[in-house]
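Close look at the chain arrangement
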Amino acid sequence: MLSERRLEVLRAIVQDYVGTEEPVGSKALTERHNLGVSPATVRNDMAVLEDEGFIAQPHTSAGRIPTDKGYRLFVDRLAGVKPLSSPERRAIQNFLDGAVDLDDVVGRTVRLLAQLTRQVAVVQYPSLTRSTVRHVELLLLAPARLMLVLITDTGRVEQRMIDCPAPFGETSLADLRARLNSRVVGRRFADVPQLVQDLPESFEGEDRGTVSTVLSILLETLVEETEERLMIGGTSNLTRFGHDFPVMIRPVLEALEEQVVLLKLLGEAKDSGMTVRIGHENAHEGLNSTSVVAVGYGSGDEAVAKLGVVGPTRMDYPGTMGAVRAVARYVGQILAES
């Protein structure tokens, strides 16, 4: 374990390198930070940090920069994330409050995260596998044609047209709507098939075929919509950090185009806590020079999806973590109120 003093020197190196983009020397450290020791002691501490792999010397520069291992220790030993200012919090709330539907919420969240952090923002749509049914609406469009509208607890709305095997009256429709909602409202998608399997038998013979058709379309909708969806924004922010990527920016951009890679980056939504993956901790080779900060969001205590940012390892971690956490909290509130 590093001594508290050497940890303080590492923190100072990370802060200066993130702020100045320049390798950090012992003289600059003692001038800029109140470390309470001589430059010679700082030089000695930096030699130990380098020997242990927390900092490295890039090319012939006299200064040092943090390694992935150094950033990891810095993040693990953070006293706290940087809180947003009151004007920033108000701006987030006002911007997200203007959203009209779930697509708009996700779109605004991506733009907001990219602007706040000046990184690439990634937002996962709420997963229907973790959603519950808020309401099922059935509308009669013609004697043998219905519209099914499925509304989830996260505000997602799915519509399907249904051609019935025989005409279906308003009375039967109202009956089916009431019975269906009494069984599925507030229940998880995964539980729905079992909850409705005997429903057709409770209807008269001529209506049974239509009830079965409606249920099969409903269940198909639940299965189709478990596919994960993402929105990404702020990719152009990466061009500001060209010198932070050792080879080229192209491998990073190519990795960001792959949805499977992004979903793996964000991690499982059920792990709702803040995750920070730094450099080579990212399994995808194209992202070895980036860091990912992600957190779960949801309408209650349980996360239904994740959001986060991707940027260079030379990242303002306390500020980025604070912004990501604050945005996730506001999105969760909006979903709860929608």
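Residues numbered from 1 in each chain as written. Predicted model: local features only at pLDDT ≥ 70, side-chain atom pairs only at ≥ 80, totals over all residues. Heavy atoms only, no water.

Before going further, it helps to spend a moment on the overall build of the protein. Along the protein, the regular secondary structure elements total 12 helices and 10 strands. Relative to the compact-globule value of 20 Å for 338 residues, the protein shows a C-alpha radius of gyration of 26 Å, a clear excess of over 25%. On the principal axes, the C-alpha backbone points of the protein span a range of 90 × 40 × 35 Å. Going through the 338 residues of the protein one by one, you find that 48% of them count as buried. (Helix = DSSP H or I, 4+ residues; strand = E, 2+ residues; numbered from the N terminus. Rg over C-alpha atoms; globule rule 2.2 N^0.38 Å. Buried < 20%, exposed > 50% of the residue type's maximum accessible area, 1.4 Å probe, protein only.)

Pairing of side chains with opposite charge becomes possible as their charged atoms draw close. A full pass over the atoms with the stated rule returns 19 salt bridges. Measuring nitrogen to oxygen at the nearest pair gives 2.9 Å for the salt bridge that ties aspartate 45 to arginine 6. Residue aspartate 45 is found in helix α3 (residues 39–51), and its partner arginine 6 is found in helix α1 (residues 4–20); the two are separated by 39 residues along the sequence. By relative accessible area, aspartate 45 is classed as buried at 0%. Across the pair glutamate 137 and arginine 177 runs a salt bridge, and its minimum N-O distance is 2.7 Å. Highlighted residues: glutamate 137 in strand β4 (residues 133–142) and arginine 177 in helix α7 (residues 170–184), separated in sequence by 40 residues. On the accessibility criterion, glutamate 137 (22% relative accessible area) is partly exposed. In this structure arginine 177 comes out as partly exposed when scored by relative accessible area, which is 22%. One salt-bridge network, in which partners are shared between bridges, spans Glu4, Glu8, Arg11 and Arg77. (Salt bridge = Lys/Arg side-chain N within 4 Å of Asp/Glu carboxyl O.)

What follows deals with unusual backbone geometry. One non-glycine residue, glutamate 21, lies in positive phi territory at about 65 degrees. Its place among the elements puts glutamate 21 in the loop between α1 and α2 (26–32). Given the relative accessible area of 39%, glutamate 21 is considered partly exposed. Of note, the phi angle at arginine 118 is positive, near 55 degrees, even though the residue is not glycine. Along the polypeptide, arginine 118 turns up in the loop between α6 (102–117) and β3 (120–124). The exposure class assigned to arginine 118 is partly exposed, which follows from its relative accessible area of 46%.

Let us look at the pairing of strand β6 (residues 157–163). Of the two faces of β6, the one holding Glu158, Arg160 and Ile162 is buried and the one holding Val157, Gln159, Met161 and Asp163 is not buried anywhere. Hairpin geometry of strand β5 (residues 145–152) and β6 is characterised by an intervening segment of 4 residues between the two adjacent antiparallel strands and by a positive phi of about 90 degrees at glycine 155. (Pairing = 2+ DSSP bridges.)

Glancing now at the packing of aromatic side chains. For the structure on display, the rule yields 1 aromatic pair. Pairing tyrosine 71 with tyrosine 317 gives two aromatic rings, centres 5.6 Å apart and planes at 50 degrees, and the pair type is tilted. Here tyrosine 317 lies in helix α12 (residues 317–337) and tyrosine 71 lies in helix α4 (residues 68–76), a separation of 246 residues in the sequence. (Phe/Tyr/Trp six-rings, centres within 6.5 Å; stacked < 30°, edge-to-face > 60°.)

When the domains of the protein are assigned, the result is domain 1 (4–77), domain 2 (86–126 + 228–337) and domain 3 (129–225). Its C-alpha centre places domain 2 at a distance of 35 Å from the equivalent point of domain 3. Tallying the contact residues gives 12 residues for domain 2 and 7 residues for domain 3. Carbon and sulfur atoms supply 39% of the area that domain 2 and domain 3 bury against each other, a total of about 870 Å² over both sides. Contact with domain 3 buries area across many residues of domain 2, yet Leu102, Pro126 and Val304 alone supply 41% of it, more than any other trio. For the pair domain 2 and domain 3, the interface holds 0 salt bridges. Our count for the contact surface shared by domain 2 and domain 3 stands at 0 residue pairs in polar contact (both at pLDDT 80 or more). (Domains from an automatic or database assignment. Contact = heavy atoms within 4.5 Å. Buried area = accessible area lost by both parts, 1.4 Å probe. Polar contact = N/O pair within 3.5 Å; in protein donor to acceptor, adjacent residues only side chain to side chain.)

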